[in-house]
Amino acid sequence: MKNIQWFPGHMTKSMRQISESAKLIDGVICVVDARAPFSCINKKLGEIFLNKPIIFALNKSDLVERADLNKMLFKFKEQGFIATPVIATDKKSTLNCLNILKGELKEKVERNALKGKPIRVSVIGIPNTGKGTFINSLCGQKKAITGDKAGVTRSTQWVKINGVELLDTPGTMPPSFDSQELARKLAYIGSINDDILDKEEICLELIKELMQICPEKLNEKYKIQCQDKEGLAVYEEICKKRGFLLRGGDYDYTRCANAVIDDFRKGRIGKICLE
Ligand SMILES: Nc1nc2c(ncn2[C@@H]2O[C@H](COP(=O)(O)OP(=O)(O)OP(=O)(O)O)[C@@H](O)[C@H]2O)c(=O)[nH]1
Ligand SMILES: [Mg+2]
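For clarity, every value in this text was computed on a predicted model and none was experimentally measured. (Residues numbered from 1 in each chain as written. Chains lettered and ligands numbered in written order. Predicted model: local features only at pLDDT ≥ 70, side-chain atom pairs only at ≥ 80, totals over all residues. Heavy atoms only, no water.)

Explain the overall build of the chain residue by residue, including any values.
Within the chain, the secondary structure is distributed over 11 helices and 6 strands. On C-alpha atoms alone, the chain measures out to a radius of gyration of 20 Å, which is about the 19 Å that the 2.2 N^0.38 rule sets for 275 residues. C-alpha atoms of the chain, sized along the principal axes, occupy 75 × 40 × 35 Å. Taking all 275 residues of the chain together, the buried fraction comes to 49%. In the chain, the proportion of contacts linking residues at least 24 apart, taken out of those at least 6 apart, comes to 69%. With an accessible surface of roughly 13,400 Å², the chain has 50% of that area assigned to carbon and sulfur atoms. Across the chain, the centroid of the 45 positively charged side chains sits 7 Å from that of the 35 negatively charged ones. (Helix = DSSP H or I, 4+ residues; strand = E, 2+ residues; numbered from the N terminus. Rg over C-alpha atoms; globule rule 2.2 N^0.38 Å. Buried < 20%, exposed > 50% of the residue type's maximum accessible area, 1.4 Å probe, protein only. Contact = heavy atoms within 4.5 Å. Areas by Shrake-Rupley, 256 points an atom, 1.4 Å probe, with all protein chains shown as cover. Lys, Arg positive; Asp, Glu negative; His and termini not counted. Charge placed at Lys NZ, Arg CZ, Asp CG, Glu CD.)

So this is what it looks like as structure tokens:
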């Protein structure tokens, strides 16, 4: 299997920019994907903000079941982290997240308010977790560029809202992945640039993963029977059901991979948590 490794040069630059801004920052919102929240934690980013309050925003929580979300929130709490569910497009949830951070910074917020000074919050996370969307929802305007692929934001940018200055930051990966299993999860959720991925291989691994955690959802979505089958056989069954065939009748693995991965990312196979 092809090894997944993604730490392009622009991320070294981003890490430096984020580090340099750290001294200005009062608190941090780390946006993670609720479908694989622990896999999204970049420890190298955390180290930059060691003694600042940090809230984990479990974003895209519309894409996981409530029970899984509660399990994840409990695990974060167990490990001593502050975490809250977020749907970045929903202002109520982003505001709630910001207010939790403000609660942690209560004295600072009060002192700054007297001086008419804003508090400064850095919004960090790996690529594609929804940092830009989160900021746009808070300020009610499209100040940050967003998009459904990894690596949309390329430089830091301050966005002002009432009493708070938010720093949008480019998605930043750790220099290396702890395991390939973790790297694959990040590939499924779209946090790794698709151009460096072997999509057919990722699709096969995703199918195997879904056969483990939610075979019934896979069956329902593609009108198949995946029980007691090999991953590749299921992959080919989906090709057949969907008519992803090449001239001559061979399976069109590439088209199928693009479709299945996209279905997963958009939540069309169902609400699925990978952890
Ligand atoms: N379903 C769902 N999609 C979301 C949510 N938040 C963001 N998205 C989508 O996720 C994709 C990435 O959003 P961005 O805001 O660009 O993410 P980012 O973290 O700024 O990405 P980079 O700049 O690449 O690091 C976009 O297609 C958003 O529409 C959410 O709560 N739920
Ligand atoms: Mg962005």
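The discussion continues.
Before we move on, can you summarise the site of ligand 1 with the specific residues and values?
Around ligand 1, 22 residues are found, and the nearest of them are Lys131, Thr133, Gly151, Val152 and Thr153. With respect to ligand 1, the side chain of lysine 60 contributes an N or O atom lying 3.0 Å from an oxygen atom. At 3.0 Å from an oxygen atom of ligand 1 is found a main-chain nitrogen or oxygen belonging to alanine 88. Against a free-state accessible area of 650 Å², the protein chains account for coverage of 86% of ligand 1. When atom positions are compared with the pocket grids, ligand 1 is found to occupy the largest pocket. Considering each element in turn, the shell around ligand 1 owes the most residues, 3 residues, to helix α6 (residues 131-139). Of the residues belonging to the shell around ligand 1, the class tally is 6 nonpolar, 11 polar and 5 charged. (Near = heavy atom within 4 Å. Polar contact = N/O pair within 3.5 Å; in protein donor to acceptor, adjacent residues only side chain to side chain. 1 Å grid on protein atoms, 1.4 Å probe; cavity = no way out; pocket = protein on both sides within 12 Å on 5 of 7 lines; lining within 4 Å. Sits in = over half its atoms within 2 Å of the grid points. Nonpolar A, V, L, I, M, F, W, Y, C, P; charged D, E, K, R; others polar.)

Now, about the nonpolar core: what can you tell me, with residues and values included?
Residues Leu58, Leu186, Ile192, Ile207, Leu218, Val260 and Phe264 are the most contacted members of the largest nonpolar core, which totals 61 residues. Counting residues per element, this core draws most heavily on helix α8 (residues 199-213), which supplies 6 residues. Composition of this core by domain shows at least three residues from each of domain 1 (9-168) and domain 2 (198-265). Setting aside chain neighbours within four positions, we find leucine 58 in contact with Val32, Ala34, Pro37, Leu69, Met72, Leu73, Phe76, Ala83, Thr84, Pro85 and Val86. Counting 21 residues, the second-largest nonpolar core is a separate cluster that includes Val86, Leu101, Val123 and Ile161. (Core = buried A, V, L, I, M, F, W, Y, C linked by side-chain atoms within 4.5 Å. Domains from an automatic or database assignment.)

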